[in-house]
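# Observations on chain architecture
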Amino acid sequence: MNLMTLYYKLLSEYRDPVNYWPQWCAVNKSVNEREKIIIGMILVQRTSWHNTNIALKNLKQSNLLSVEKIAELSNLNNLTELIRPAGFFQSKPTRLFDVCTFIKKSGGIENLLNKDADNLRAELLHIKGVGKETADTILLYAFDKPVFIIDEYTYRWSEKHDVPIGRDYDDLQLYFQNQLESDAALYQKFHALIIISQRGRDKSLMEIV
DNA sequence: CACCAGGAATGTA
DNA sequence: TACATTCATGGT
């Protein structure tokens, strides 16, 4: 069974993933929504969405759920307290600040949207705290670039469905992208379905819209 | 109380 | 290159 067949099977079982993640799979995302996705992706690293949502809510209440405003901070003390529920308080504030600073110095989301996916990916990977998974998640969901995300869910799903590729990020990503048409909307829905189809106890997702 | 939740940097051989 | 360790919070 090829990946497209498996995708349609997932669709038939779980319906349209856009209903589960409207803010992620939306066709027309605002700049602000894209920023929230990026901020969320940094905060959720090795953390549950439940905890991440608390941190996001704190940022919103302090009017800091913004790349610009985070990048303009003179110190990270307040930011550290606000995102503490997301854990790793000694590293995440700096990671978040660095990502926001990069975006601001690059001319903002609007400017980065025009950049080539490969070049943007390389630039993101230069930021300390941004690895392949985070970079690709940002590319796919915040910038709508056709890059398939490889994460623990993708590994488990691939193994379960006998995808003939081992546990290697680059190999598995190439396989998905070679088997599927290069389409960001397809990748977004496909990956959302992979997650939805195997969520465990914590069924929470990103809440902030 | 033990374990987990969409990682990435760092150190070791 | 490949693998182990470390980092922190809130829920189950």
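Residues numbered from 1 in each chain as written. Chains lettered and ligands numbered in written order. Predicted model: local features only at pLDDT ≥ 70, side-chain atom pairs only at ≥ 80, totals over all residues. Heavy atoms only, no water.

With that settled, consider the domain arrangement of chain A. For interface size, the figure often reported is the accessible area lost on association. Taken domain by domain, chain A holds domain 1 (3-25 + 148-196) and domain 2 (31-142). Listed per partner, the contact involves 16 residues of domain 1 and 10 residues of domain 2. Across the domain 1/domain 2 interface, buried area totals approximately 1,100 Å², and carbon plus sulfur atoms make up 65% of it. Broken down residue by residue, the surface that domain 1 buries against domain 2 is led by Trp24, Ile149 and Tyr169, which jointly contribute 54%. Seen at the junction of domain 1 and domain 2, the total is one salt bridge. Put simply, aspartate 170 and lysine 132 hold a salt bridge, and the shortest N to O gap is 3.1 Å. (Domains from an automatic or database assignment. Contact = heavy atoms within 4.5 Å. Buried area = accessible area lost by both parts, 1.4 Å probe. Salt bridge = Lys/Arg side-chain N within 4 Å of Asp/Glu carboxyl O.)

Right, let's talk about the environment of glycine 131 for a bit. Note that glycine 131 resides in the loop between α9 (117-126) and α10 (132-142). The class of glycine 131 is partly exposed, set by a relative accessible area of 34%. Distance from glycine 131 to arginine 121, taken between C-alpha atoms, is 9.8 Å for residues 10 residues apart in sequence. (Helix = DSSP H or I, 4+ residues; strand = E, 2+ residues; numbered from the N terminus. Buried < 20%, exposed > 50% of the residue type's maximum accessible area, 1.4 Å probe, protein only.)

Now for helix α3 (residues 31-43). For α3, spanning 13 residues, the distance from its first C-alpha to its last is 19 Å, which sits close to the expected 18 Å at 1.5 Å a residue. In terms of residue burial, α3 counts as a mostly covered element, since 10 of its 13 residues are buried. For α3, the set of buried residues is Arg34, Glu35, Lys36, Ile37, Ile38, Ile39, Gly40, Met41, Ile42 and Leu43. (Expected span 1.5 Å × (residues − 1).)

Further remarks concern helix α7 (residues 92-105). Its 14 residues place the ends of α7 20 Å apart at the C-alpha level, agreeing with the 20 Å of an ideal helix rising 1.5 Å per residue. For α7, every residue scored as buried is listed here: Lys92, Pro93, Leu96, Val99, Cys100, Phe102 and Ile103. A positive phi of about 95° marks glycine 107, the residue just after α7.

Right, let's get into the packing of α3 against α7. Closest axis-to-axis distance for the α3/α7 pair is 9 Å, and the angle between their directions is 150°. Considering their axes alone, α3 and α7 lie roughly antiparallel with respect to each other. Note that α3 runs across α7; the crossing there is right-handed. Side by side, α3 and α7 meet where Ile38, Ile39, Ile42 and Leu43 of the first sit next to Lys92, Arg95, Leu96, Val99 and Ile103 of the second. Its residues assigned to classes, the contact of α3 with α7 shows seven nonpolar, no polar and two charged. (Axes fitted to C-alpha atoms, helices over the stretch in contact; angles between N-to-C directions. Parallel < 35°, antiparallel > 145°, perpendicular 65-115°, else oblique. Left-handed = near helix turned anticlockwise from the far one by under 90°. Nonpolar A, V, L, I, M, F, W, Y, C, P; charged D, E, K, R; others polar.)

Let's shift gears to the packing of helix α1 (residues 3-14) against helix α13 (residues 184-196). Look at α1 against α13: their axes get within 10 Å of each other, and the N-to-C directions meet at 60°. Regarding the angle of α1 to α13, the classification is oblique. The handedness of the crossing between α1 and α13 is left-handed. Contact residues: α1 offers Leu3, Met4, Tyr7, Leu10, Leu11 and Tyr14, while α13 offers Leu186, Lys189, Phe190, Leu193, Ile194 and Ile196. Its residues placed into classes, the contact of α1 with α13 shows 11 nonpolar, no polar and one charged.

Quick look at the protein's contact with DNA strand B now. Surveying the vicinity of DNA strand B reveals 20 residues, the closest of which are Trp21, Arg46, Thr134, Thr137 and Tyr153. Protein-adjacent atoms of DNA strand B, using a 4 Å cutoff, are sugar or phosphate at a proportion of 65%. Contact distances for DNA strand B include 3.5 Å between a base nitrogen and a side-chain N or O atom of aspartate 151. Measuring from a phosphate oxygen of DNA strand B, one finds a side-chain N or O atom of tyrosine 153 at 2.6 Å. Where the surface near DNA strand B is concerned, the elements lending two or more residues are α10 and α13. For the surface near DNA strand B, the leading source of residues is α10, giving three residues. Residue composition of the surface near DNA strand B, grouped by class: eight nonpolar, eight polar and four charged. (Near = heavy atom within 4 Å. Polar contact = N/O pair within 3.5 Å; in protein donor to acceptor, adjacent residues only side chain to side chain.)

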